[in-house]
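Working through the structure, step by step
So the chains spell out like this:
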Amino acid sequence: MNDPQRPEGYTSYQPSQPPYQQPYQPYQLQYQQVPGAQEHPSEIMTIAIMAIIDATISGLLGLGLIFTICGIPLGIYSIVVAVMAGTYAYKLLSRPLQPVQPNKTLAIMQIVNIITGNIFSLVFGIVSLVLYDQLKVRAYFAYRNGQPVPPQQYQPPPF
């Protein structure tokens, strides 16, 4: 039975045809690797290095506070922040790349860690939150998780 709407051989595979490719969507920002470039953007490396430094400082401060009677709860909190920062830095720098989300909870916990007197943790938490909101960092995390980046809202210039 022939369908007058379809040409002959419509459903058969023909090797001369190029494979189907999805159309390019210019509104999506995709993180693409450039040959010879580093695997992680500099912002991600900054977040990871700050997390490693904070894990070390918070861990040492937490161990020091545990030995005081009044500082035990603060020491436990500082050690929890140190463990979270260390594991997050390990996930960020892992090879092969694993899906990982921006850890804003850790950044907020680093800011709250000022109650132990750790000024470095406060600064690292604020800088991490600022870096998480950059378009390049969001695109990198979307690439790493295999998700498309939503289009940005167009803001016309003011008159």
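Rules behind the numbers
Residues numbered from 1 in each chain as written. Predicted model: local features only at pLDDT ≥ 70, side-chain atom pairs only at ≥ 80, totals over all residues. Heavy atoms only, no water. 1 Å grid on protein atoms, 1.4 Å probe; cavity = no way out; pocket = protein on both sides within 12 Å on 5 of 7 lines; lining within 4 Å. Points joined across faces, edges and corners; volume = space filled by probe spheres on them. Nonpolar A, V, L, I, M, F, W, Y, C, P; charged D, E, K, R; others polar. Helix = DSSP H or I, 4+ residues; strand = E, 2+ residues; numbered from the N terminus. Expected span 1.5 Å × (residues − 1). Buried < 20%, exposed > 50% of the residue type's maximum accessible area, 1.4 Å probe, protein only. Contact = heavy atoms within 4.5 Å. Core = buried A, V, L, I, M, F, W, Y, C linked by side-chain atoms within 4.5 Å. Phe/Tyr/Trp six-rings, centres within 6.5 Å; stacked < 30°, edge-to-face > 60°.

Our focus in this paragraph is empty space enclosed by the protein. Counting across every chain of the model gives 1 cavity of 30 Å³ or more. In this structure, the largest cavity encloses a volume near 50 Å³. Taken together, Ile47, Met50, Ala51, Tyr88, Asn103, Leu106, Ala107, Gln110, Ser128 and Tyr132 form the lining of the largest cavity. Partitioned by chemical class, the residues of the lining of the largest cavity number 7 nonpolar, 3 polar and no charged.

Across its 25 residues, helix H1 (residues 42–66) extends 36 Å between first and last C-alpha, which sits within 8% of the 36 Å expected from 1.5 Å per residue. Listing the buried residues of H1 in full gives Glu43, Ile44, Ile47, Ala48, Met50, Ala51, Asp54, Ala55, Ser58, Gly59, Gly62 and Leu65. Where the residues of H1 are buried, they touch helix H2 (72–92), helix H3 (104–112), helix H4 (119–132) and helix H5 (135–145).

What follows concerns the nonpolar core. Within the largest apolar cluster, 19 residues are counted, with the highest numbers of intra-cluster contacts made by Ile44, Ile47, Tyr88, Leu92, Tyr132 and Phe141. Within the residue set of this core, elements represented by two or more residues are H1, H2, H3, H4 and H5. For this core, the element with the highest residue contribution is H1, accounting for 6 residues.

Scanning the entire structure with this criterion turns up 3 aromatic pairs. Between the aromatic rings of Tyr140 and Phe141, the centroid separation amounts to 6.0 Å while the plane-to-plane angle is 65 degrees, which identifies the pairing as edge-to-face. For Tyr140, a relative accessible area of 0% corresponds to the buried category. Measuring from ring centre to ring centre gives 6.4 Å for Tyr140 and Tyr143, while their planes differ by 45 degrees; the resulting arrangement is tilted. Pair noted here: Tyr140 and Tyr143 are both in helix H5, with a separation of 3 residues, about one helical turn. Put simply, the rings of Tyr132, Tyr140, Phe141 and Tyr143 pair up and form one aromatic cluster.

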